[in-house]
Amino acid sequence: MIMMNKIEYLLLLLAAVLLPWDWSYSLYGVALLFLMGVAKTVRSRKFLNPMLDAQSRWPLLALIALVGWYAVSLLWTANTSEGVEMVVTKSSMLLASLWVLCSDTSYLTRRHLRALLYLFAASLVVLFFVRLGINIRRVVTEPDTTWVSRMCFGFDKRHHSYISIYILVALWGLYHEQISRWRQMPRSNRTLWVALVLLLVVYLIVINSRAGVLFLLLSLFLMAAHAWLHTRRIAKPLVSLCCALVVAVGVHYALPKTQNRVNQTSVTAEAAAKGTTEQASRPDKRLAIWQASLRLAKSEWPLGVGVGDRFDNLKPIYEEFGDQESIDRRKNSHNQFLDTLVSTGIVGLAVLLLFFASLLYVAWRSRSWQLFVFALCLGFNCLFETLLDRQMALFFIPLVIGLLMCHNKLHSTQS
């Protein structure tokens, strides 16, 4: 069993390093983790993870139920091939959730979790430097390529929303390190901590993720509030608030308004307030996509159109709007709540909301700021992206929840 635990932890370390670079390698790691968990369960004959109590299992059970309901929606899906592909894609979330629920992770210590955090943050920073080098070379060798175009839209080829979630998770983990262990850290570790935080913030800004930058600003205010509650000192919260203002002003003025996606959000909001879809669709197609999804959801709200038929049913509405770009590119609702409602009806949406409600309840019950902020981060990004369509989020979400649950258990038993 000791050897199995070592192999399992090695797989977690590999996933922490490889996930920012290529999700496919991490997906293999999750599959191996699941198999390792099955082997440990069979050998020990313990079918539930002792690091999770009954209430802590609710969010993971909700994720499993959501995948199951997506599979059930195949019964009324006309495009079964697309539906099966989507369900198979979501199976990684099922495997990761089952691993967290069933595999005994009591061998994990604070030192183990700390190593996972720093490896994950360091991997993101190394990736940032690699991307920076690639883009510098392109600017030098390609005369038609400008710094603005490379930094606004071409800095990282992967989807910026998911990378921003990774960075925010790493930043909140590092913040917890600072608030709980700063005085015990050697000077070299403090220098490393500062370097990681600064580079991750820069990375988050240059990938030009609106949801990421906006949640970063919110996080700075939350960190200031938490630091004040934790230390009862005003100096650190004031520094955090000043940093929030500096970041906000820098993001607003550093890039041209035509290419700054954060600035475009205000244009979309103004168009939404005026009720003009055309105005909103120029800088951002989301408003038109959401209106199309709402129209479809109103007519198919009990069970949805099925997991494989969402785009086939959205396409005629896009054509009615004259939105050729959405016909060519937008295959989902760009909003997880709307997409779940369109695909699986009110039942699927209820299960998704149950997941968030149970996650927030567990965070409140365990007094876990990290789990609370992770739930907020996921919910905020779900307003703008269909997160559960990509592997970059599907197995990452249960893994982070499981590791945070382990951290909460260790904190409660050792405090």
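In what follows, the accompanying structure is described. Treat the numbers as computed from the prediction; the structure is a model and nothing was measured.

1. Thoughts on helix H8 (residues 187-206)
Link 1 in the chain: The end-to-end C-alpha distance of H8 is 29 Å, a good match for the 28 Å that 20 residues give at a rise of 1.5 Å each.
Link 2 in the chain: For H8, the complete set of buried residues consists of Trp193, Leu196, Val197, Leu200, Val201, Tyr203, Leu204 and Val206.

2. As for empty space enclosed by the protein
Link 1 in the chain: Here the structure, examined in full by the defined rule, presents 4 cavities of 30 Å³ or more.
Link 2 in the chain: Each pocket or cavity is described by its volume, and for the largest cavity that value is around 50 Å³.
Link 3 in the chain: Lining the largest cavity are Leu63, Leu352, Phe355, Phe356, Leu378, Cys382, Leu387, Leu388 and Ile397.
Link 4 in the chain: For the lining of the largest cavity, the per-class residue count stands at 9 nonpolar, no polar and no charged.

3. As for the packing of aromatic side chains
Link 1 in the chain: For the coordinates displayed, the defined rule picks out 15 aromatic pairs.
Link 2 in the chain: Considering the side-chain rings of Phe128 and Tyr203, the 5.3 Å spacing of their centres and the 45 degrees angle between planes classify their relative orientation as tilted. Of the two residues, Phe128 is situated in helix H5 (residues 110-141) and Tyr203 in helix H8; the sequence distance between them amounts to 75 residues. The same class applies to Phe128 and to Tyr203, which are both buried.
Link 3 in the chain: Here Phe355 and Phe356 contribute two aromatic rings whose centre-to-centre distance is 5.1 Å and whose plane-to-plane angle is 65 degrees, an arrangement assigned as edge-to-face. When sorted by exposure, Phe355 lands in the same class as Phe356, which is buried.
Link 4 in the chain: Following the ring pairs from residue to residue traces out a cluster consisting of Phe215, Trp290, Phe380 and Phe384.
Link 5 in the chain: Lying over the aromatic face of Tyr70, Lys90 brings its terminal NZ or CZ to 4.8 Å of the ring centre.
Link 6 in the chain: Sitting over the face of the ring of Trp364, Arg367 holds its NZ or CZ atom 5.1 Å from the ring centroid.

About the thresholds
Residues numbered from 1 in each chain as written. Predicted model: local features only at pLDDT ≥ 70, side-chain atom pairs only at ≥ 80, totals over all residues. Heavy atoms only, no water. Helix = DSSP H or I, 4+ residues; strand = E, 2+ residues; numbered from the N terminus. Expected span 1.5 Å × (residues − 1). Buried < 20%, exposed > 50% of the residue type's maximum accessible area, 1.4 Å probe, protein only. 1 Å grid on protein atoms, 1.4 Å probe; cavity = no way out; pocket = protein on both sides within 12 Å on 5 of 7 lines; lining within 4 Å. Points joined across faces, edges and corners; volume = space filled by probe spheres on them. Nonpolar A, V, L, I, M, F, W, Y, C, P; charged D, E, K, R; others polar. Phe/Tyr/Trp six-rings, centres within 6.5 Å; stacked < 30°, edge-to-face > 60°. Lys NZ or Arg CZ within 6 Å of the ring centre and 35° of its normal.

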